[in-house]
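A look at the structure
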Amino acid sequence: MAQIIDGKSLAKKIRENLKKEAEELKKMGIIPHLAVIMVGNNDASKVYVRNKSRACEEVGIEFKEYFLEESIKQEELIELIDKLNKDKKINGILLQSPIPKPLDIQKAFNKIDNIKDVDGFNPYNVGSLCIGQDGFIPCTPLGIMKMFEEYKIEIEGKKVAIIGRSNIVGKPMAQCMLSKNATVTICHSRTKELRKELKDADIIISAVGTRNIVKEDMVKDGVVVIDVGMNRDDKGKLCGDVDFEKVSKKASYITPVPGGVGPMTIAMLLHNVIKATKMQNMIGNN
Ligand code: NAP
């Protein structure tokens, strides 16, 4: 039976440490500020933004929301980003995805100042991650790396199979694993033999958004399984990509959904906002 990687508890511990850091900053007259931009009326996004707002409040980060109408033009979105880039009070800028078509989200990410890009989605930070230079790493992969660190799970020399190649999870995750000397395979919808790729892996990270895509007969004994997926089961309960009940009997470590990667993603956003605040105020070795 696998050991459960408890993302909820680890995230709580991280938030407590960040709260202390925010208190130290406050003593110096610095209050970290995060600006979140939401475009249109996406119900799921509203929930994510509310959760981020609560987490910021708990830690002592000022949270400012900017709601834009679905009908806005790309230039208006860019204008707001420019304004926030120039605002000395704002330390981090996050553009909540998705945004309505025909707006181009990557073009908007590209405009976020490198040192305020707490999601790590602009090309400068993407490039920094690729060449092993310090910068902002996207929150979900960063949170997963913290889990490996906390549970002392070895990465070097291991075969890692990542399912999903999105810019926010799959690709940066692969870079993070590569930087720790893993041998990485990235699977996606055109991968011919997913089962074969997974069966060979020591570590599987699934970021697809399809329930039960990772089944017990696709994994080897002792595998480490990280489930990023967020889906609903037949009863409407939140679940991941992995058939947790059966796979957990074969795995050595596994993350649950909920209570695994999700809370770590939010904790890493807070981490990145504190890091940005310190960088902008030239504090510590950030
Ligand atoms: P995405 O942009 O939709 O990417 C999904 C990826 O899965 C794509 O690369 C796609 O391949 C691949 N895929 C689809 N069907 C497949 C199949 N049958 N076999 C193999 N690969 C397949 O999604 P995302 O934004 O990365 O998110 C993935 C999941 O993670 C979602 O459920 C999302 O809600 C969740 N998520 C959770 C957190 C968290 O904090 N817990 C954070 C971010 C995302 P192609 O590229 O070929 O289309």
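One can find the structure itself at the top, above this paragraph.
This report concerns the structure included in the present document.

The rules we used
- Residues numbered from 1 in each chain as written.
- Predicted model: local features only at pLDDT ≥ 70, side-chain atom pairs only at ≥ 80, totals over all residues.
- Heavy atoms only, no water.
- Pairing = 2+ DSSP bridges.
- Helix = DSSP H or I, 4+ residues; strand = E, 2+ residues; numbered from the N terminus.
- Buried < 20%, exposed > 50% of the residue type's maximum accessible area, 1.4 Å probe, protein only.
- Contact = heavy atoms within 4.5 Å.
- Expected span 1.5 Å × (residues − 1).
- Arc of directions from axis to C-beta.
- Polar contact = N/O pair within 3.5 Å; in protein donor to acceptor, adjacent residues only side chain to side chain.
- Near = heavy atom within 4 Å.
- Areas by Shrake-Rupley, 256 points an atom, 1.4 Å probe, with all protein chains shown as cover.
- Nonpolar A, V, L, I, M, F, W, Y, C, P; charged D, E, K, R; others polar.

Looking at the sheet that holds strand 5 (residues 159-163)
Read from one edge to the other, the open sheet built from 6 strands follows the order 1-11-8-7-5-6, with strand pairing classed as parallel. Strands at the two margins of the open sheet, each flanked by one partner only, are strand 1 (3-4) and strand 6 (183-187). Of the strand pairs in this sheet, strand 8 (residues 224-227) and strand 11 (residues 253-254) are connected by 2 bridges, and their pairing is parallel. From the neighbouring strand, Val-224 faces strand 11, where its bridge partner is Tyr-253.

What about the pairing of strand 7 (residues 203-206)?
Of the two faces of strand 7, the one lined by Ile-203 and Ile-205 and the one lined by Ile-204 and Ser-206 are each fully buried. Direction of pairing for strand 5 relative to strand 7: parallel, over a ladder of 4 bridges. Each residue of the ladder has a partner; that of Ala-161, found in strand 7, is Ile-204. Sheet topology places strand 7 next to strand 8; 4 bridges connect them, and they run parallel. In the strand pairing of strand 8, Ile-203 is matched with Val-224.

So, the environment of Val-261
Examined against the element boundaries, Val-261 turns out to sit in helix 10 (residues 261-280). With relative accessibility at 5%, the residue Val-261 sits in the buried group. C-alpha of Val-261 to C-alpha of Gly-240: the two residues are 21 residues apart in sequence and 10.0 Å apart in space. Not counting the four nearest positions on each side in its chain, Val-261 is found in contact with Thr-140, Ile-144, Met-147, Ile-226, Asp-227, Val-228, Thr-255 and Pro-256.

Description of helix 2 (residues 43-59)
The end-to-end C-alpha separation of helix 2 is 25 Å, in line with the 24 Å expected for 17 residues at 1.5 Å each. Residues of helix 2 that are buried: Ser-45, Val-49, Lys-52, Ser-53, Ala-55, Cys-56 and Val-59. Angularly, the buried residues of helix 2 cover 165 degrees about the axis, an arc narrow enough to put them on a single face. More than 90 degrees from the buried face of helix 2, the exposed residues found are Asp-43, Arg-54 and Glu-57. On its buried face, helix 2 sits against helix 1 (7-27), strand 2 (33-39), strand 3 (62-68), strand 4 (92-95) and helix 10. Capping of helix 2 at its N-terminal end is provided by Asn-42; its side-chain oxygen lies 3.0 Å from the backbone amide nitrogen of Ala-44. Phi for Gly-60, located one or two positions after helix 2, is positive at around 100 degrees.

Comments concerning the site of the ligand
The ligand sits among 19 residues. The nearest are Arg-165, Ser-166, Ser-189, Met-230 and Thr-265. A distance of 2.5 Å is found between an oxygen atom of the ligand and a side-chain nitrogen or oxygen belonging to Ser-166. Between the ligand and Val-228, the relevant distance is 3.5 Å, taken from an oxygen atom to a main-chain nitrogen or oxygen of the residue. Burial of the ligand by the surrounding chains reaches 69%, relative to a free accessible area of 930 Å². It is helix 10 that provides the largest number of residues to the shell around the ligand, a total of 3 residues. Considered class by class, the residues forming the shell around the ligand number 9 nonpolar, 9 polar and 1 charged.

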